[in-house]
Every structure is written in structure tokens, then in C-alpha cells.
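Structural description and commentary
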Amino acid sequence: MPIATASQTVGPYWHLMEDPSWADLTRFGAQGEKITLTGVVLDGDGKPCADACVEIWQSDPPASDSFPGFGRSNTDSAGNYRFVTVKPGPVAGRGNAQQAPHIALCILSRGLMRGLVTRAYFQGEKLNETDPLLMSIEELARRGTLIARPAGAATWRMDVRLQGEGETVFLDI
Amino acid sequence: MNDPTSFRPYAPGTQPPYDAPAYLGTVKRHPKQKLHPMPQTITETTGPSFSPSHFPPLVDLTMTTGKPAIGERIIVAGTITDEDGRPVPNTMVEIWQANGSGRYDHPADQHDAPLDPNFHGAGRVFTDEHGGYRFLTIRPGAYPWPNHRNAWRPNHIHFSYFGPAFATRLVTQMYFPGDPLLAFDPIFHAVPDEHARNRLIAAFDLDLTEPDYALGYRFDVVLRGRGATPMEH
């Protein structure tokens with residue numbers, strides 16, 4: 001039986017395949033509540049990662065001709081990624097569970113041999129209190145690393161700490 | 001509602017760890033905490049689809065300006081299958097690489113080797129219905145990097161794959177057979193399992209090679225398979 005091919009780092013030159021327009025998931029005319037999702041990616045010394053590739057995928061709203069569901073943003077010289085997208089609604093979970101609105105993120109960069117997967121939830125959503133993944137993270141401070149917070153008009157901020165104090169919860173999917 | 005079928009966990013030792021200290025870049029970037037386990041949901045078992053109409057293919061990296069790039073022209077082809085041997089059709093593959101001198105057309109690459117005005121080094125192909133893909137490029141050169149004294153990256157091409165789901169996303173590098181630098185490369189050696197590591201090395205293929213034109217290399221890739229459950233029909 002063949003096994004999956006091994007991952008290798010995306011390296012510092014992945015921008016050769018970058019199309020900056022991909023960071024705007026509304027570029028094909030998507031309907032819905034338009035939001036900005038942004039944040040900084042920091043390393044174990046708290047220094048910004050300025051060469052990272054952040055990818056997002058959301059299963060709600062469903063992907064269509066007007067909404068790709070997938071986006072890719074570089075991090076700028078201050079380590080910031082930035083997406084414009086449509087705010088997701090609740091998503092079906094396993095069994096009869098319902099998941100709170102969320103966006104999946106994958107961080108790829110030099111120094112990461114594999115992508116790191118996490119999620120952005122939205123502060124203040126009622127469903128956060130019953131979301132199966134959030135509830136499975138016992139330590140409240142760690143759970144909080146997955147919650148994006150309001151940061152201005154229609155803007156949500158979720159910082160990603162790769163290592164050390166305040167380290168983001170990364171997911172084994 | 002039926003639960004989505006999950007993708008299988010990776011076989012032990014076949015994927016590199018995040019903490020791979022011989023590759024210095026990992027030291028401050030790998031998480032110290034264990035990854036948090038979670039069952040896959042439709043967020044993980046679905047993924048983006050890319051159509052060639054929105055994302056135009058670029059299959060000949062050697063002639064992007066109308067003039068030939070400098071270096072050894074090569075053909076790279078192979079198939080993308082899943083862990084059950086099923087082809088992965090109509091999936092997008094992204095490609096990027098250094099030029100024949102070992103220099104990326106990228107502002108962060110300051111290696112003192114010439115840029116080639118006729119080679120950018122980025123491509124995009126889609127697999128056919130049998131999971132097959134093929135593109136033309138220039139064999140990339142080796143280049144130095146600051147990981148340790150006299151560190152050189154082996155010749156390699158970067159690949160990005162999507163497959164059917166967010167959970168099948170894969171970014172990797174293809175190497176060339178017989179490259180003496182592979183023995184010293186901490187990125188290649190970060191994959192613990194020797195067999196899994198060596199599958200990152202393309203095979204020279206005389207059948208892919210075209211007379212009087214270009215050598216052919218075969219690089220087959222396997223993406224995660226869905227776990228079989230008796231509930232599925």
C-alpha cells in the first residue's frame with residue numbers, strides 16, 4: 001500500500017507562486033457580511049515572521065463561482081497577514097453537534113517542515129460555548145488562542161504564536 | 001446527518017517533525033506543545049477546487065518570454081494518487097524553483113549567481129483524469145544557504161498540492177537522482193523514514209526523455225487516503 005509523500009518546507013521563496021489577489025476571497029463578487037481577518041505571526045522570540053504563507057479555508061459559506069472558500073496571504077515585513085472574506089456561519093459537526101463559525105488556517109514558512117493548522121473563531125459567538133473543538137481544549141488561556149477579536153470596523157484579529165508563551169493551539173488533523 | 005469520512009493519519013516516521021534542529025530555521029518556529037488532536041469535520045474533509053479557467057496553467061517554464069531560458073531543459077512528469085492507489089484527477093499543482101545557475105527570481109535571494117531574464121521559475125499544472133501531470137523546465141542549480149558552514153541545497157523543485165480536501169494539502173520538494181549534496185541536506189534528512197525520504201528523489205526515465213530535446217524525470221506523489229469504514233458503500 002503506498003503511503004503519503006513526505007512534506008518539505010515551503011522555504012523563503014514561495015512568493016514565486018503567489019498571486020496577492022488570492023487574499024481577497026470576495027474578489028469574484030461574493031455576497032454576505034464582508035470582514036477582514038488579520039494578525040501577526042510571531043516566532044519563539046516574539047519576532048515577526050516576515051516570510052510566511054498563511055492559507056485559509058472555510059466550509060461556510062459553501063464554495064461557489066463567486067466564493068472560492070480558499071485564500072492565501074503573505075506576511076508583510078511586520079509579520080502581518082490579512083484576508084478579506086465573508087464571515088462564516090455555523091458549520092455541521094460530527095454526530096448531531098454544531099460547530100461555531102470558524103475559519104481554518106494553515107501556516108507554511110521557512111523553518112516549518114510541515115504546515116501548521118489552526119482555526120480562527122469569533123469572539124462573542126454564542127456557539128463558542130458549545131463548540132466541540134473549543135470545549136476539548138481544557139485550559140482556557142490556550143482555548144483563547146483560537147479566538148479572533150474585534151479590531152475595528154468589520155475587522156477581526158487573531159495573532160499566531162508559533163512557539164513559547166501564548167503559543168497558539170495547533171491541530172492534529 | 002452522516003459524518004464525513006476522515007483521512008487516515010500519516011504513517012509513523014514518514015513525515016518530518018516540526019522540531020528538526022539540524023535545520024536551524026526550525027529552532028524558533030516549531031511549536032513546543034503537542035498538536036491538539038481533533039476528529040475531522042467537514043472543514044477538514046472538504047477543500048478548494050481550482051479550475052483552469054480561473055487559474056490558467058503554465059506548463060512550459062522554459063519559454064515564458066518567447067525566448068529560451070538558459071540551462072538544461074528537462075521534462076518532469078508523474079502521477080498523483082491517494083494511499084489507495086486511486087488517481088487524483090483535475091487537481092492543481094504549483095511549482096517554483098531556482099534557475100539553472102541556482103538563483104531564484106526573488107528579491108530575498110541575494111546569491112551571487114546570474115538571473116536569467118528568460119526564466120522566472122513558477123508554473124502551474126492540472127492533473128488529467130488519470131492523475132497524470134507533465135511540465136517543462138530548466139534543471140535548477142544548487143545554491144549556498146546560511147544553515148551551517150559550506151551548506152548547499154541540493155538541486156530541487158518545490159511543489160504544492162491540494163488534493164480533494166484541506167486535510168490533503170501537501171507542500172514538498174523534488175530532488176534529483178545521484179545528487180551528492182543530498183547526503184548533507186538537513187531538510188531532506190528531516191524525514192526520518194529512509195524509504196519515505198528517498199521517494200522525494202525523482203527517477204530518470206528514458207521513456208519520458210524526448211530524443212534531441214530533453215531528459216525526462218518521473219516524480220510520482222501520493223496524497224492521504226480516506227480511512228475505510230464499513231459504513232461506507
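The rules we used
Residues numbered from 1 in each chain as written. Chains lettered and ligands numbered in written order. Predicted model: local features only at pLDDT ≥ 70, side-chain atom pairs only at ≥ 80, totals over all residues. Helix = DSSP H or I, 4+ residues; strand = E, 2+ residues; numbered from the N terminus. Pairing = 2+ DSSP bridges. pLDDT = per-residue confidence, 0-100. Contact = placed C-beta atoms within 7 Å.

A word on the overall build of chain B
In terms of regular secondary structure, chain B is built from two helices and 12 strands. Overall, chain B shows an N-to-C arrangement of helices and strands of β-α-β-β-β-β-β-β-β-β-α-β-β-β. In terms of its C-alpha atoms, chain B occupies a principal-axis envelope of roughly 55 × 40 × 30 Å.

Some details on the pairing of strand 1 (residues 34-42) of chain A
Residue and element names in this part refer to chain A. Relative to strand 4 (residues 80-86), strand 1 runs antiparallel, the two sharing seven bridges. Bridge assignment links Val40 to a residue of strand 4, and that residue is Asn80. In this sheet, strand 10 (residues 155-157) lies alongside strand 1 in parallel orientation, the contact comprising three bridges. Residue pairing across strands places Leu37 opposite Trp156, the latter belonging to strand 10. With two bridges connecting them, strand 1 and strand 11 (residues 160-161) associate as parallel partners. The residue bridging Leu42 from the neighbouring strand is Arg161, located in strand 11.

Structural notes on the confidence of the model for chain B
All names here are of chain B. For chain B, mean pLDDT is 95; residues scoring 70 or higher make up 97% of the total. Note on residues 229-233: pLDDT under 50 across the span, and two contacts to partners over four residues away in sequence or across chains. Here the predicted complex scores 0.97 on pTM and 0.97 on ipTM.

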